[in-house]
Structure formats: C-alpha cells, structure tokens
Amino acid sequence: MIYTSAQQWRDAAQKKVLLFGMSGLGKTHISNTLRDQGTWFHYSIDYRIGTRYMGEHIADNAKREAMKVPFLRELLMSDSIYIGSNITFNNLAPLSAYLGKPGNPDQGGLAFADYVTRQEQHRAAEIAALMDTKLFINRAHDLYGYDNFICDTGGSICEVVDPEDPNDPVLTTLSDNTLMVWLKGSDAHTDALIQRFDRAPKPMYYQPEFLLCAWRDYLGETGHAESSVDPDAFVRWTYARALAHRQPRYAAMAKWGLTVTADRVASVASADDFADVIASALEDHAAEA
C-alpha cells in the first residue's frame, strides 16, 4: 500500500484514494463531498467510460433511433441538428440506456448477441478508464493544482480484474498509485440494494461467463425463447445472483488495500471526516498484521 501507517497518511502531501464496492454504498456520495470541499479532484470511472470510451457508441445509438423518424432524419442528414449525450457524475442514464437489457424488443430489449457486444464494449472501456487513473492523478496535480485525488469506481470493477493474480495489470497500476479502499456492505445493505433494484431495475455489466450461465439458466427455468424474455424480469432475477458472485471478488481485491465498512463512512460529511476514517482503518490494518 502507498500509505503504511495512519501518520504517513495524515502527513502525506498528496492523498490518493480509490473506492470500490457495490453500487449504492456511498462511493459517489463521498467523492462528491470531497470534491465540494475544494481540495480533492474527483475522477469518476463511469463518467470516463461514458464520455471518452463509449461516447460515440452512445451518440450513434441515439442517432440510429432518431433516423427512424422522417422529420429528424431529414434534419440529421442536412446537419441541421446535433444529437449527443449529457452525462454527468450523477446522471449516467445515457450509458445505462446504451448498455441496455436483453430480451423482447417490444419491451425495449436487445437481441442477446447485440447485448453481448455492448457488454464487451463496456468491459474494454472500463479497463481503459481504470488504466487512465495515473494519467488523471498527474493531470489533476500538474494542470489543476490538486494534491488530493479520489477515484470513484463502478460496481463492476471486480468483474474486469483478477484479484488472485499478483501481476494483474489493472490492480497493479491502481495499487501502485492509489490507496484502494473496499466499502464493504452488510447483509442488510445487500437486502436494501436488492429491494431498490427490484423497484427500478437498471442495466449493468456482468462477467461474460456469469452472464452466459445466468442467461441459459433463466431460459431453462422460464421456458422463454430469447425474443420473448421480459428484459426487466431477467435483470431482476439476475441481480441478487450478481451481488453474490461479486462479493468474494471484492473480498479478494481488498487484499490489495484496506477494508472500511459502509456504516463507518455513512457519516462522512467533510474531508477531515474522511481523513479520520482512513487513518483509523490504517491503524486497524496495522494491528491485524
């Protein structure tokens, strides 16, 4: 780890942290809080994915839909209108909409082959965005004058790395340049996330092997043909399984850094609060060593 003690962390001229864990446990909230203090640079992996690496895919998909409308097609063909996405740190809807859900096209679903293609695009984009972390640490410091850096990762980070490989290129780069911190949720957090997802199911990225197995199992259990699957029903059915699949992967990633419970960071309201939480976690880690 780049900080080996609480004192070294507190004395560091540059504080560089990466947060990972299930979506919905506070990564973006903490990152926003630190950014709003004015002394931390916030690097959002999902924002980078949606703007730099999948921006053209997202825009082209919107244009493809617009071209189906004669009025809009004429304006697009004459360069009279422009279509683009308006992704922000707190609104990633254009990225989610492009990623989509597999199933019945009459219910907004994608053909499974097309869905898999978009999943692969996201995998490559996520790896590239994660590997850009060092670039943005330097950019934040040299260009904008920020000493402190917070990397806000997506929930699927554990699906694009191999935490059991000591030479994993992504994790090696991240751990060499940031203090990796797992925001660990409880069973109660998991239950709450499942309930929230059930109310508003959203697209997400899955490890390819997990996705193919889940798709086959779902078709087998329900008897549906691919084109008759209710997209929302499939992702609801898959979500709890995906969380269970990710949990041991997060735990293995935690060996590359620190673990902090989601309850412990829930009360973070300032940069000082955050510094105290990390210092305490480093003390705990040293005591356990």
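The structure under discussion appears in the preceding block.
Quick notes on the rules
Residues numbered from 1 in each chain as written. Predicted model: local features only at pLDDT ≥ 70, side-chain atom pairs only at ≥ 80, totals over all residues. Heavy atoms only, no water. Phe/Tyr/Trp six-rings, centres within 6.5 Å; stacked < 30°, edge-to-face > 60°. Helix = DSSP H or I, 4+ residues; strand = E, 2+ residues; numbered from the N terminus. Buried < 20%, exposed > 50% of the residue type's maximum accessible area, 1.4 Å probe, protein only. Pairing = 2+ DSSP bridges. 1 Å grid on protein atoms, 1.4 Å probe; cavity = no way out; pocket = protein on both sides within 12 Å on 5 of 7 lines; lining within 4 Å. Points joined across faces, edges and corners; volume = space filled by probe spheres on them. Nonpolar A, V, L, I, M, F, W, Y, C, P; charged D, E, K, R; others polar. Core = buried A, V, L, I, M, F, W, Y, C linked by side-chain atoms within 4.5 Å. Contact = heavy atoms within 4.5 Å.

**Q** Please explain the packing of aromatic side chains as it appears in this structure.
**A** In this description, an aromatic ring pair is defined by two values, namely the gap between the centres and the angle between the planes. Enumeration according to the criterion identifies 20 aromatic pairs in this entry. Pairing Tyr47 with Phe89 gives two aromatic rings, centres 4.9 Å apart and planes at 85°, and the pair type is edge-to-face. Of this pair, Tyr47 sits in helix α3 (residues 45-53) while Phe89 sits in the loop between α5 (70-77) and α6 (93-99); the two residues are 42 residues apart in sequence, bridging distant segments of the chain. Pairing Tyr218 with Trp237 gives two aromatic rings, centres 5.3 Å apart and planes at 65°, and the pair type is edge-to-face. Of this pair, Tyr218 sits in helix α11 (residues 208-222) while Trp237 is found in helix α12 (residues 231-253), placing the two residues 19 residues apart along the sequence. Since its relative accessible area comes to 7%, Tyr218 is described here as buried. The class of Trp237 is buried, set by a relative accessible area of 16%.

**Q** Honestly, the pairing of strand β2 (residues 40-44) in this entry has me stumped. Any pointers?
**A** The side chains of a regular strand alternate, residue by residue, between the two faces of the sheet. By the criterion of burial, β2 is predominantly enclosed, with 5 of the 5 residues buried. Along β2, one buried face is formed by Trp40, His42 and Ser44 and the opposite face, lined by Phe41 and Tyr43, is buried too. Of the pairings in the sheet, the one linking β2 to strand β3 (residues 148-152) comprises 5 bridges and is parallel in character. Note on β3: the bridge partner recorded for Ser44 is Asp152.

**Q** Whenever I open this one, the layout of surface pockets confuses me. Can you help?
**A** To find leftover empty space, one rolls a probe the size of a water molecule over the atoms. Taken as a whole, the largest pocket encloses approximately 1,000 Å³ of empty space. Taken together, 36 residues make up the lining of the largest pocket; nearest its centre are Ser23, Gly24, Asp46, Leu92 and Lys202. Elements with a contribution of two residues or more to the lining of the largest pocket: α2 (27-36), α6, α10 (187-199) and α12. Across the lining of the largest pocket, the residue classes break down as 16 nonpolar, 14 polar and 6 charged.

**Q** What am I meant to see in the nonpolar core here?
**A** Nonpolar side chains in soluble globular proteins tend to end up buried together. Counting 56 residues, the largest nonpolar core has Phe20, Tyr43, Phe149, Met180, Tyr206, Phe234 and Met253 as the members making the most contacts within it. Sorting elements by how many residues they give to this core places α12 first, with 8 residues. Apart from residues lying up to four places away in sequence, Phe20 is in contact with Lys27, Thr153, Ile157, Met180, Val181, Trp182, Leu183, Tyr250, Met253 and Ala254. Counting 25 residues, the second largest nonpolar core, distinct from the first, contains Ala6, Trp9, Ile150 and Leu179.

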